[in-house]
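# Analysis of the macromolecular model
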Amino acid sequence: MKYVLMFVETEEFAKQLEDMGEGERQAAFEAVGRWFAEHAGKITHHTHLAPVHTATTVRLGPGEPVVTDGPFVEGKEVVSGFAEVEVADLDEALELVRSWPACPIVEIRPIS
């Protein structure tokens, strides 16, 4: 089964990361790098997204599409990156996510 793991940052997590010293922040990034290396055999693609303020949203509906700068909703949680994984089942995806060392929320969604 293939799943997308969406890594969700909260305002609190972003503030904690911002408040870290350079060495502590580097150690946090290295932990993420190790996580990706440890699970490389199951990860088929991954990327970190540009900051939310760089987003452009298109609202479709009756009439002309409306294009706006920024995310489509105001939120205290934003997807900061994702990884596509190929695992046996949801249980294996959950096991993978339990060891994620960074942002506090990971949404797991099957790829249809």
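You'll find the structure just up there.
Our subject in this report is the structure included herewith. (Residues numbered from 1 in each chain as written. Predicted model: local features only at pLDDT ≥ 70, side-chain atom pairs only at ≥ 80, totals over all residues. Heavy atoms only, no water.)

## Points about the pairing of strand S4 (residues 66-69)
- As paired elements, strand S3 (residues 56-59) and S4 share 4 bridges and run antiparallel to each other. If you follow Val58 over to S4, its bridge partner there is Val67.
- Counting the residues in the hairpin turn of S3 and S4 gives 6 residues, including Gly63, whose phi is positive at 85 degrees. (Pairing = 2+ DSSP bridges. Helix = DSSP H or I, 4+ residues; strand = E, 2+ residues; numbered from the N terminus.)

## A closer look at helix H2 (residues 22-38)
- Taking 1.5 Å as the rise per residue, H2 with 17 residues should run 24 Å; its terminal C-alpha atoms sit 24 Å apart, in good agreement.
- Three or more residues of H2 are buried, namely Arg25, Ala31, Val32, Trp35 and Phe36. Looking down the long axis of H2, one finds its buried residues gathered within 135 degrees of arc, a one-sided arrangement. Looking at H2, the residues exposed on the side facing more than 90 degrees away from the buried face are Glu22, Gly23, Ala37 and Glu38.
- As for H2, its buried residues are in contact with strand S1 (2-10), helix H1 (11-19), strand S2 (43-48), strand S5 (77-86) and helix H3 (90-98). (Expected span 1.5 Å × (residues − 1). Buried < 20%, exposed > 50% of the residue type's maximum accessible area, 1.4 Å probe, protein only. Arc of directions from axis to C-beta. Contact = heavy atoms within 4.5 Å.)

## Examining the sheet that holds S2
- An order of S2-S5-S1-S6 is seen for the 4 strands of this open sheet, with the pairing classed as antiparallel. The open sheet has two edge strands, S2 and strand S6 (105-110), and neither has a second partner. Taking the axes of each pair of neighbouring strands and ignoring which way they run, one obtains an average angle of 20 degrees across the sheet.
- Here 6 bridges tie S1 to S6, and the two strands are oriented antiparallel to one another. Residue pairing for S6: Val4 is matched across the bridge by Arg109. (Axes fitted to C-alpha atoms, helices over the stretch in contact; angles between N-to-C directions.)

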